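Each chain is listed here by its residues.
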Amino acid sequence: MSNPDFDAWLQTPRGQYLLAWEQRKIDAAVADLFGFNAVQVGLSGLDLLRNNRMSFRFCCGTRAGAGCVRFDGTDLPFASQSIDLVLLPHVLEFADNPHQLLREVERVLVPEGSVVITGFNPYSLWGLRRSFSGHLGQMPWQGQYLSVSRLKDWLKLLGFETRISSFGCHAPPVSSDAWLHRWSFMDTAGSRWWPIAGGAYLLPAVKRVQGMRLIMPRWRESMRSKKAMVPVAQKSDHLHTRQ
């Protein structure tokens, strides 16, 4: 969750390229999510929730710090149904038990709460680089890349409803700014011709609770009862009186 090697890699040209795309997508994904408590799990040195308007936003990681809650990497230190938004930026692919972490996210989220996940796409040039690099011990190729389809299956089993996912970073993972700029045309072409082959993705989902019923305002019930009690004019009595 707090990975110094990954934090350092984000400062490289490849990392900055990835981070710029993800920050734009996260900004758009969390802007209209409302509630009281929002938590960012991992990457404590970055304020990825900057565009969210919840009153209490904080981070959670394996290292404590200013404004950051510490946890052991498996169990989130929050009460059940106490969080409105959870952001998981590249957390699941480096977690020892990603499925257990998702179960914890489901536990702490309130009904209709949201989770936003970012990760590396295994079905991309970045995923191909990981498979054939021969340097799986180096960051970020050492992660367990999870496909969007697998995450959707996991989330569905936990009662989440997934929203439309986004893919980006279609340029190959070259190491210099100059080469990333030369390949920048692939971001435009890839978004149109092979959108699901981007090197990174963002997947939002909402926690649904079966059997929930919306409580309507009580004034509607009172108006309904008053309407039912309105007397009906008796035509026969009226005619008898006239006679």
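In the block above lies the structure referred to throughout.
All of these numbers come straight from a predicted model, not from anything done at the bench.

Rules and cut-offs
- Residues numbered from 1 in each chain as written.
- Predicted model: local features only at pLDDT ≥ 70, side-chain atom pairs only at ≥ 80, totals over all residues.
- Heavy atoms only, no water.
- Helix = DSSP H or I, 4+ residues; strand = E, 2+ residues; numbered from the N terminus.
- Buried < 20%, exposed > 50% of the residue type's maximum accessible area, 1.4 Å probe, protein only.
- Contact = heavy atoms within 4.5 Å.
- Phe/Tyr/Trp six-rings, centres within 6.5 Å; stacked < 30°, edge-to-face > 60°.
- Lys NZ or Arg CZ within 6 Å of the ring centre and 35° of its normal.
- Polar contact = N/O pair within 3.5 Å; in protein donor to acceptor, adjacent residues only side chain to side chain.
- Salt bridge = Lys/Arg side-chain N within 4 Å of Asp/Glu carboxyl O.
- Patch = residues over 30% accessible without salt bridge, like charges linked within 9 Å, V, L, I, M, F, W, Y side chains within 5 Å.
- Areas by Shrake-Rupley, 256 points an atom, 1.4 Å probe, with all protein chains shown as cover.

### Some remarks on the overall build of the chain
For the chain, the helix and strand inventory stands at nine helices and eight strands. Looking at the chain as a whole, 43% of its 243 residues are labelled buried. A separation threshold of at least 6 residues defines the contact pool for the chain, and within that pool the share at least 24 residues apart is 71%.

### Concerning the packing of aromatic side chains
Going through the model one piece at a time under the given rule, you end up with 13 aromatic pairs. With a centroid separation of 5.5 Å and an interplanar angle of 70 degrees, the aromatic rings of Phe58 and Phe78 are classed as edge-to-face. Taken together, the residues Phe58 in strand E2 (residues 56–61) and Phe78 in the loop between strand E3 (68–70) and strand E4 (83–89) connect sequence positions 20 residues apart. Across the pair, exposure class does not vary: Phe58 and Phe78 are buried alike. Through pairs of rings, three or more aromatic residues link up here, namely Phe6, Trp9, Tyr17, Phe94, Phe120, Trp126, Trp141 and Tyr145. Sitting over the ring of Tyr145, Arg130 keeps its end group 5.0 Å from the ring centre.

### Notes on the side chain of Lys207
Mapped onto the secondary structure, Lys207 falls in strand E8 (residues 200–207). Exposure remark for Lys207: the relative accessible area of 4% places this residue in the buried category. At a separation of 2.8 Å, a polar atom in the side chain of Lys207 contacts the main-chain carbonyl oxygen of Glu106. Those residues in contact with Lys207, other than ones at most four positions away along the chain, are Gln81, Glu106, Arg107, Leu109, Val110, Pro111, Glu112, Gly113, Gly159 and Phe160.

### What about unusual backbone geometry?
Residue Pro140 is reached from Met139 by a cis peptide bond, and omega for that bond is 5 degrees. Position of Pro140 relative to the elements: it lies in the loop between helix H4 (125–132) and helix H5 (148–157). Even without glycine at this site, Gln81 takes up a positive phi of about 55 degrees. For Gln81, the location among the structural elements is in the loop between E3 and E4. Among the residues examined, Gln81 registers a relative accessible area of 48% and is labelled partly exposed. You will see that His90, though not glycine, has its phi angle at about 55 degrees, which is positive. You can see His90 is positioned in the loop between E4 and helix H3 (98–108). His90 gets classed as buried once you look at its relative accessible area, which sits at 5%.

### Notes on the pattern of salt bridges
Pairing is possible between side chains of opposite charge, provided their charged atoms come close. Inspection of the entire model under this criterion finds seven salt bridges. Arg208 is the salt-bridge partner of Glu112, the closest N and O atoms lying 2.1 Å from each other. In this pair, Glu112 sits in strand E5 (residues 109–120) while Arg208 sits in the loop between E8 and helix H8 (218–228), placing the two residues 96 residues apart along the sequence. Note on Arg208: relative accessible area 28%, which makes it partly exposed. Ionic pairing is found between Glu161 and Arg208, a salt bridge with its closest N-O pair at 3.1 Å. On the criterion of sequence distance, the pair formed by Glu161 in strand E6 (residues 160–162) and Arg208 in the loop between E8 and H8 is long-range, its members being 47 residues apart.

### Considering a nonpolar patch on the surface
Judged by side-chain polarity, Leu125, Leu128 and Phe132 come together as a nonpolar surface patch covering roughly 320 Å² of accessible area. With respect to the secondary-structure elements, Leu125 resides in helix H4.

### Quick word on the side chain of Asp27
As for its position among the elements, Asp27 is in helix H2 (residues 13–30). With relative accessibility at 13%, the residue Asp27 sits in the buried group. The residues contacting Asp27, other than those within four sequence positions of it, are Leu48, Arg50 and Asn51.

Nothing here speaks to function; it is all geometry.
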